[in-house]
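Chain residues, written in single-letter form:
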Amino acid sequence: MTTVAADAVGTVAPRVAEHLNRALHALFRSEERLHLLGEDVSDPYGGAFKITKGLSTGFPDRVLSTPLSEGGILGVAGGLALAGDKAIVEIMFGDFIALGFDQVLNFASKSVSMYGREVPVPLVVRCPVGGNRGYGPTHSQSPQKHFVGIPNLALYELSPYHDAGAVLGAALERGVPAVFFEDKVLYTRRMYRDGRAGDGYRYEMLGTADTGWAHTFPEGERGTADVIVIAPGGMVHRTLDAARALRDGHGRSVHLLTPSRLYPLDLDPVLPLLAGAGRIAVVEEGTAGGTWGAEVARLLYERIWSSLTGPVILLNSADSIIPTAPHLESRVLLGRDHIEAAVRASAGWDVPPQGGAGERTESGARPGEEAAEGVELTVPKLNNNDTSYLVVEWLVEDGAWVDEDADVVSLETSKAVEDVPAPVSGYLQRIVPEGEERGVGALLARLLPQPPGEAAPAPRTGAPDAVPAAASAVPAAGVPGPAAVHTLDRVQQGTAAVVAKSHREVPAGFTVIRAEVDAALDALGRLEDETGAAFGLAEAVIKAVAAAYDEFPLFFGSLVDERTVAVADAPHVGVTVDADGGLYVPVVRDAAERSLADIADTLMDFRMKALTQDFSAAELDGGAISVSLNPDPGVVLVHPIVLWPQLCMVSVGAVGEEYRAGADGTPAAVRTVHLGLAYDHRVINGREAVLFLTRLKARLEQPDQLRTLLDDGSDRP
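Residues numbered from 1 in each chain as written. Predicted model: local features only at pLDDT ≥ 70, side-chain atom pairs only at ≥ 80, totals over all residues. Heavy atoms only, no water.

Participant: Give me the overall build of the chain: which residues, what numbers.
Facilitator: Counting its regular elements, the chain contains 17 helices and 32 strands. Out of the 717 residues in the chain, the part that is buried amounts to 50%. Put simply, 71% of the contacts in the chain that link residues at least 6 apart link residues at least 24 apart. If you sum the accessible surface of the chain, you get close to 31,300 Å²; carbon and sulfur atoms cover 53% of it. (Helix = DSSP H or I, 4+ residues; strand = E, 2+ residues; numbered from the N terminus. Buried < 20%, exposed > 50% of the residue type's maximum accessible area, 1.4 Å probe, protein only. Contact = heavy atoms within 4.5 Å. Areas by Shrake-Rupley, 256 points an atom, 1.4 Å probe, with all protein chains shown as cover.)

Participant: Any details on unusual backbone geometry? Residues and values, ideally.
Facilitator: The omega torsion across Y263 and P264 is -10 degrees, close enough to zero to call that bond cis. That bond from W644 to P645 is cis: its omega, 10 degrees, falls within 30 degrees of zero. Following the sequence through the fold, P645 ends up in the loop between β29 (625-629) and β30 (648-652). Within the chain, D40 stands out as a residue other than glycine whose phi angle is a positive 60 degrees.

Participant: Can you break down the pairing of strand β7 (residues 201-206) residue by residue, with the values?
Facilitator: As defined by bridge partners, β7 adjoins strand β8 (residues 213-218) across six bridges and the pair is classed as antiparallel. Along β8, the bridge assignment pairs R202 with F217. Between β7 and β8, which follow one another and run antiparallel, lie six residues, and G207 among them has a positive phi close to 90 degrees. (Pairing = 2+ DSSP bridges.)

Participant: Break down the pattern of salt bridges for me, with residues and values.
Facilitator: Counted according to the given criterion, the structure contains 31 salt bridges. For R126, the salt bridge identified is with E90, shortest N-O distance 2.7 Å. Taken together, the positions of R126 in strand β4 (residues 123-129) and E90 in strand β3 (residues 86-90) put the pair 36 residues apart, joining distant regions of the chain. With respect to class, R126 is no different from E90; both count as buried. A salt bridge links E436 to R438; its shortest N-O distance comes to 2.8 Å. Here the salt bridges do not stand alone but share partners, grouping R15, R190, E412 and E437 into one network. (Salt bridge = Lys/Arg side-chain N within 4 Å of Asp/Glu carboxyl O.)

Participant: Quick rundown of the sheet that holds strand β14 (residues 375-378)? Include the residues and the values.
Facilitator: Taking strand neighbours across the sheet as the criterion, the four strands line up as β14-β21-β19-β16 in an open arrangement whose pairing is antiparallel. The outermost strands of the open sheet, each flanked by one partner alone, are β14 and β16 (401-402). Of the pairings in the sheet, the one linking β16 to strand β19 (residues 426-430) comprises two bridges and is antiparallel in character. Residue pairing in the sheet places W401 in a bridge with Y427 of β19.

Participant: Lay out the sheet that holds strand β15 (residues 388-394) in plain terms, naming residues and giving numbers.
Facilitator: Sheet architecture is open: four strands sit in the order β18-β17-β15-β20, paired in antiparallel fashion. Since the sheet does not close on itself, it has two edges, and those belong to β18 (417-421) and β20 (437-439), each with one partner. Neighbour-to-neighbour, the strand axes of the sheet open up by a mean angle of 40 degrees, direction not taken into account. Summarising the sheet, β15 and β20 pair through three bridges and their orientation is antiparallel. (Axes fitted to C-alpha atoms, helices over the stretch in contact; angles between N-to-C directions.)

Participant: How would you summarise helix α10 (residues 336-347) if you had to cite specific residues and measurements?
Facilitator: The terminal C-alpha atoms of α10 lie 17 Å apart, and with 12 residues this matches the ideal 16 Å at 1.5 Å per residue to within 8%. When α10 is considered as a whole, its buried residues turn out to be I339, E340, A342 and V343. Turning to α10, the residues buried within the fold contact β9 (227-230), α6 (236-250), β12 (279-287) and β13 (313-317). Backbone geometry just downstream of α10 places G348 in the positive-phi region, at approximately 75 degrees. (Expected span 1.5 Å × (residues − 1).)

Participant: Explain the nonpolar core to me, using residue names and the numbers behind them.
Facilitator: Core analysis: the biggest nonpolar cluster contains 60 residues, and V545, F555, L675, L677 and F692 have the highest contact counts within it. Of the residues forming this core, the biggest block, eight residues, is contributed by helix α13 (residues 537-547). What V545 contacts, discounting residues up to four positions off in sequence, is F556, I625, V627, V650, F692 and L696. L123, I150, F181 and V270 belong to the second largest nonpolar core, which has 47 residues in total. (Core = buried A, V, L, I, M, F, W, Y, C linked by side-chain atoms within 4.5 Å.)

Participant: Describe helix α5 (residues 164-174), listing the residues and the values that go with them.
Facilitator: For α5, every residue scored as buried is listed here: A164, G165, V167, L168, G169, A171 and L172. Taken together, the buried residues of α5 touch α1 (16-30), β1 (34-38), β3, β4, β5 (154-157) and β6 (178-183). Looking one or two places after α5, you find G175, whose phi comes out positive at around 75 degrees.

Participant: Run through the confidence of the model for the chain, naming residues and quoting values.
Facilitator: The pLDDT averaged across the chain works out to 84; a share of 85% of its residues lies at or above 70. For residues 351-372, every residue scores under 50 in pLDDT, and the model assigns this stretch 24 contacts once sequence neighbours within four places are set aside. Every residue in residues 713-717 scores below 50 in pLDDT, and together they form 16 contacts with partners more than four places removed in sequence or on other chains. (pLDDT = per-residue confidence, 0-100.)

Participant: For the environment of Y389, give the residues involved together with the corresponding values.
Facilitator: By secondary structure assignment, the location of Y389 is in strand β15. Remark: the alpha-carbon pair of Y389 and R189, spanning 200 residues in sequence, is separated by 8.7 Å. At 2.9 Å, the side chain of Y389 forms a polar contact with the backbone nitrogen of L382. (Polar contact = N/O pair within 3.5 Å; in protein donor to acceptor, adjacent residues only side chain to side chain.)

Participant: How would you summarise the pairing of strand β32 (residues 667-680) if you had to cite specific residues and measurements?
Facilitator: Alignment of strand β22 (residues 508-516) against β32, held across nine bridges, turns out to be antiparallel. Its bridge partner lying in β32, V512 is registered against G676. Sheet topology note: the β30/β32 ladder contains five bridges and is antiparallel. Each bridged residue has a counterpart across the sheet, and for M649 the counterpart in β32 is A678. Bridge count for strand β31 (residues 656-661) against β32 is six bridges, and the pairing is antiparallel. By the bridge assignment, Y659 is partnered in β32 with A669.

Participant: So what about the environment of A154? Which residues, and what values?
Facilitator: If you trace the backbone, A154 turns up in strand β5. Overall, the relative accessible area of 0% leaves A154 in the buried class. Here the alpha-carbon distance between A154 and R174, two residues 20 residues apart in the chain, equals 9.6 Å. Here A154 is in contact with R174, V176, P177, A178, V179, R261, Y263 and P264, once residues within four sequence places are set aside.

Next comes the structure, spelled out in structure tokens:
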């Protein structure tokens, strides 16, 4: 089963894109005159990077998808701000802001002071910028330098440290137009919090949310730094990777300073740190010449010239367009290796100290350490969007035997949870605990020839599929040993992960109702005779669920935050399909507009694909609500899970018979089915659940509604 990922561990920080989305929702709730304009920002698209997801649903009068005209978008937004409202503009890709540069330079910024008095212009222009995504020359630039020095224009940059809501709110309150640059590589990264910035580094916040700085330093080394690197938000992870390499290889203390506001730059909170640094470097992804880094260096020369031990090191990307091919793009854009090499050379650290903290033997161990035996399991590259992944769950106990290609650990990407297999057979030695995040190539575990901490055992014998020694230990007295050991296959492990996630994250309620289905089954039989197609109760229930979309839209939504539900654009109904022990939930698209024959054909296609495990990702994604089908004889009641991020799942038991007294007192058989509804209690209450199920029951029982439901046309008006 393909599963869209959320925070797999409750204490894990949100991804930057999710944090920014929540910040925008909070701003719209608190600012009644705030507007947002941009291309394709409305649901269900929610912007090119899904940052505006749910806003148009929650605030339809104030979120507008616009024509493709950056000049027009910025002109309208500037007019709204000048007229007393507040406006946020999303430029789809930061490169395109060049098309609206005139409105920023000659209208919005000048309007603050060219009318003889100060006039507030609360306008923020959000710009996704930067490369490392393979988007090519026209969608990958970092144009920050072109806006430095414009009077009455503030520049900010998204970072994993700063509260985006506080920064955006403060920018709007200042009443001066602002550009908020968002490096696209940050969207799938996680926010830093609780003073920790990854392995071995901590951070503290200096100054205010509007103009403040994040100071990152190695644990226990908050004081004087050998080098301080000033880096905007998009360069944080590359700079930290370079800092770790310089520390490991040369024993040097490299600190990082990241501002929330790039211009005008407030140096006061960090001047004492900068004055005490051995060297200072400024890194940015844009090209050299008239840069933000040059402006930073100018200010430093003015303020702390006498304290500097050498020129400020300015590091930029190559003077080139940005290629699409990854191997060429990495040569052009400023990266971790470039920063490490430039700082090392400028500081004279080209020769590593003998016996230093970073020295390792040929085996990879530090002096005095024994090299670890076995084969390393490292973080694989699972997609082109993420450079690090969260360890969701270890699928094998520490120290247990693992067969080659058996799944060992579940990693969460920005899109899904994926299992990683063992490269070889061996005893698992975990390195990284659950709930921590590691970059591509980082060590996760080792596969050892003997259990961790034990001497190598005698060679294993027996058939290749014999139960491993670790699994065939003699049980304690009085405790029977297992008759056999069964390893769950990948499909079932995926099902287990989804079920565990549902129970962990969704506070589900459950309601069940009984419906008489004699009339529905008889009508379906007549329809079969007329058309030659095969119909069952499943098709009718799916159609009935979809028909409830207009009356119960929240049942077809997903939670954006604790106060906002994004409603699906149409009733896309997921349907459970079991085959050979695997559970799938493919989706019937816009089921209300489909005929019963079309739905029947789709379900048959789903059943065939379940047998061959041949579903595409598109067929398993996008459901707004799901139906759990359980037609096996004797099944009376089914309590399903809520399939995150959906809010509801309907369950259908098997058709059964009940006997009731007729008008003349003679017992008569009545066919019934139990309809259950598991629902997210944060959004839907019990009374609403009962009304929803009652409406499904009526569509299956009442003749007029049943006729409409079984008609080959749509059940929607």
